[in-house]
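So the chains spell out like this:
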Amino acid sequence: MFRPITTRCYSVYGGKSRFLLKHSTQYEKYTTQKEKWPSVGNHILAQYNDEAVLVYQAFSPLIAKFALENQHFGGPHYSVSRMTWIKTNFLWMMFRSGWGEKQSQECTLGLWIKREAFDRYLAHAVHSKYIPEVYGSEHEYNKENAEKDIAKKDQGEEFIRLQWDPDHHPSGAKHPHRRAIQLGLKNVSGLVTGEDIVEIVDFTPFVSDQRKAILEKERSSAKEIYEDLITPKEEIYIPHNPDIGRRLYLGM
């Protein structure tokens, strides 16, 4: 499944971060976690605390370097007007980036987003498809889409797209019944000013270590390839405001 790669984001700090981390990421065996996760429905699986929610995105080394050094996004290689997709689910991120092997996605960053900012994203997000239980009528859905589309194109206003996609196994296989959330962020100024961010962490070395461990298991023809796989601990996240949960169509 994996091939060796040489592009590393970890060289940003030569293996060491100059920041004292504000949040200590919790980890657990994948085989232990999967037994706790729901088997059906739309769920936000995330690591979070009272202050922040951990989300992931993969970037090129140049974008990641600026973000890690400055603890916000910016620089000549990053565009706030280009939609960037964040995921709360680590394995979904690994599927999307090919465990850090895809071009321009070599660096996996963990963004600890303030909970009030994350819930704001959820509250303002527009579903990628019409859901009668959320919008009432297709006319209302199209109207909201049109209004948001005009705003994001012509006025540079914040636009957030919500998408429910099949969750993924470490191999990349789709989960048959559980769906994971993706949020597309465009013109979100809090990512550039740092207002929405508590901390940006480099997960690239961790991803590399887990990828190598899986590769070794595959080469040895082990029966249980993922028995020792470690992933960030994730639990079901419920927004404080129940109206947001209903709008997201959580659990459905």
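Residues numbered from 1 in each chain as written. Predicted model: local features only at pLDDT ≥ 70, side-chain atom pairs only at ≥ 80, totals over all residues. Heavy atoms only, no water.

Moving on: the packing of aromatic side chains. In this structure the tally under the stated criterion is twelve aromatic pairs. Look at F90 and W99: their rings are 6.1 Å apart centre to centre, the planes differ by 85°, and that puts the pair in the edge-to-face class. Take F90 and W99: they sit in the same class, and that class is buried. A network of ring pairs unites the aromatic residues Y27, Y56, F90, W99, F203 and F206 as a single cluster. (Phe/Tyr/Trp six-rings, centres within 6.5 Å; stacked < 30°, edge-to-face > 60°. Buried < 20%, exposed > 50% of the residue type's maximum accessible area, 1.4 Å probe, protein only.)

Let us look at the pairing of strand β4 (residues 52-59). The two faces of a sheet get side chains in turn, since along a regular strand they alternate between them. Most of β4 sits out of view: eight of its eight residues are buried. Alternating positions in β4 separate into two faces, A52, L54, Y56 and A58 on one and V53, V55, Q57 and F59 on the other, with burial throughout. Hairpin geometry of strand β3 (residues 45-48) and β4 is characterised by an intervening segment of three residues between the two adjacent antiparallel strands. Examined bridge by bridge, β4 and strand β6 (residues 107-114) share eight bridges and lie antiparallel to one another. The partner of Q57 across the bridge, within β6, is L109. (Helix = DSSP H or I, 4+ residues; strand = E, 2+ residues; numbered from the N terminus. Pairing = 2+ DSSP bridges.)

Now for the side chain of D165. For D165, the position within the fold is in strand β8 (residues 159-168). Put simply, D165 is tucked away with no salt bridge, and the nearest opposite charge, on R179, sits 4.7 Å away. Side-chain polar atoms of D165 contact the side chain of Q163, separated by 3.1 Å. Looking at D165, its side chain comes within polar contact range of the side chain of Q182, at 2.8 Å. Excluding residues within four positions of it along the chain, D165 makes contact with W92, R178, R179, A180 and Q182. (Lys, Arg positive; Asp, Glu negative; His and termini not counted. Salt bridge = Lys/Arg side-chain N within 4 Å of Asp/Glu carboxyl O. Polar contact = N/O pair within 3.5 Å; in protein donor to acceptor, adjacent residues only side chain to side chain. Contact = heavy atoms within 4.5 Å.)

Atomic detail in the predicted coordinates should be set aside for any region of low pLDDT. Taken residue by residue, the protein gives an average pLDDT of 86. The fraction at 70 or more is 81%. When the criterion is pLDDT under 50, residues 1-8 qualifies, and its contacts beyond four places in sequence or with other chains add up to 22 contacts. The model gives residues 10-20 a pLDDT under 50, and that stretch makes 15 contacts with residues more than four places away or in other chains. (pLDDT = per-residue confidence, 0-100.)

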